[in-house]
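Residue-level listing of the chains:
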Amino acid sequence: MTIYSELEFTLIRKRMMHFNVLGLSIALIDNGNLTLTESFGVTEVGTSNKVTNSTVFNACSISKLATTMLVMNLVKIGLLELDQDINDKLVSWKVPENECTRHNKVTLRRLLSHQSGIKDPEGSFGECDSNLGIPTMLDLLEGRTAYCPQPIQVTNEPGSSFEYSDAGYCLIQQLIEDVSGKSFNSFINEMIFEPLLMKESTFDLAIPEGEDHRFACGHNKYGDLVKGKYPIYPYPAAAGLWSTSKDLAKLGIEIIHCLNGSGKLNISQQIISEMISPQGLSPWSGLGVFLNKSERGLEVTSLGWGIGYQCMLVIHPFLGTGGVIMTNSELGIHQDKGIIGEIIRSLNLDNR
């Protein structure tokens, strides 16, 4: 793996100026270990508050990777099953039965791989509106909130199509809370963040008072501050994670170590192998992650893109390499086409 020189750091700073990226943080993995963390820029336009290796960014949909690791842990201990009808375990709410679910049921495997037949209602799952407050997960599932204005239902036969779905992960969150009897936030802290020493990661739905200096503000593609500075998504399992690049790297490292039988979570090689294997009809969709294969082997990715932020995690689990890049700027283009993609290619982290 390439190790950055000061000259290459200078080039990153120049490319940040080109793309109007205010702040950026990198964590690199080699031989299954964290080998480098480096940060650039500022947390907020017009200030001198520098991004550090402990600066917290909005991880957006990389939340789904953390949620999936929790699910894999619960599968390990027998609390959940990947191929069981989730209505067998749901208590607070049930997936409405209809013609689409007659022959195939909604399962965790299909929810995690976005093949459950559930489609997000149009215009749903935006950022938190202070005038609307924080909805309960039950309110979201039943369509009683502007964040999700229609009840969640199965509109295609489960397993018949791929449809990226935040609603599916809301359903997973409700399932986790039902079987554990605990809040999602506290349970993922207990089962994932604490054993992996992810001390700077949180699913809290508010920036702690007096600690906003630790958090990177969001910016648009012009480098302007977004409304509210810190957009919050009130559906944690799908998009509510705030974290650092080095903390997210620990999720990638755990996958690598579990494949070698040495993970801190003691998730079996078989379960982790399921997670990073093609699911259903999609060769590029794993469980909570996306997959790409080349002559260099398997590449596993998780991407986050929200208002004011973009980030990406990539690992080659059988090579023991990877990296995380987080920014506090939304470029309006796919990560591959912006500065994140440039850095990944410069590090030879990209199979494509």
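So, a few notes on the structure that sits alongside this text. (Residues numbered from 1 in each chain as written. Predicted model: local features only at pLDDT ≥ 70, side-chain atom pairs only at ≥ 80, totals over all residues. Heavy atoms only, no water.)

## Looking at the pattern of salt bridges
All chains considered together, the criterion is met by 13 salt bridges. In this structure, E142 engages R144 in a salt bridge whose closest nitrogen and oxygen atoms are separated by 2.0 Å. Of the charged contacts in the structure, one is a salt bridge between D247 and K250, with a shortest N-O distance of 3.6 Å. Of the two residues, D247 and K250 both sit in helix α8 (residues 245–259), 3 residues apart, roughly one turn of that helix. Judged by relative accessible area, K250 falls into the partly exposed class, the value being 24%. Residues joined in a network through salt bridges with shared partners are D83, R109 and E274. (Salt bridge = Lys/Arg side-chain N within 4 Å of Asp/Glu carboxyl O. Helix = DSSP H or I, 4+ residues; strand = E, 2+ residues; numbered from the N terminus. Buried < 20%, exposed > 50% of the residue type's maximum accessible area, 1.4 Å probe, protein only.)

## Digging into the packing of aromatic side chains
Taken as a whole and assessed by the stated rule, the structure comprises 11 aromatic pairs. Plain terms: the ring middles of F184 and F203 are 5.2 Å apart, the flat faces sit at 75° to each other, and that makes the pair edge-to-face. In this pair, F184 is assigned in helix α6 (residues 184–193) and F203 in the loop between α6 and α7 (236–239), connecting sequence segments 19 residues apart. Taken as a pair, F184 and F203 share a single burial class, namely buried. Positioned above the aromatic ring of Y169, the side-chain terminus of K64 is 5.6 Å from the ring centre. (Phe/Tyr/Trp six-rings, centres within 6.5 Å; stacked < 30°, edge-to-face > 60°. Lys NZ or Arg CZ within 6 Å of the ring centre and 35° of its normal.)

## What about α6?
α6 sits mainly inside the fold: 7 of its 10 residues count as buried. Taken together, the buried positions of α6 are F184, N185, F187, I188, M191, I192 and F193. Seen from one end, α6 has its buried residues packed into an arc of 160°, which puts them on one side. Those residues of α6 hidden inside the fold are in contact with α2 (63–76), α5 (166–180), α7, β4 (241–243) and α8. (Arc of directions from axis to C-beta. Contact = heavy atoms within 4.5 Å.)

## Regarding the side chain of T67
Note on placement: T67 falls in helix α2. Owing to a relative accessible area of 0%, T67 belongs among the buried residues under this scheme. A distance of 2.9 Å separates the side chain of T67 from the backbone oxygen of A237, its partner in a polar contact. Not counting chain neighbours up to four residues away, the residues in contact with T67 comprise Y169, I172, I176, F184, I188 and A237. (Polar contact = N/O pair within 3.5 Å; in protein donor to acceptor, adjacent residues only side chain to side chain.)

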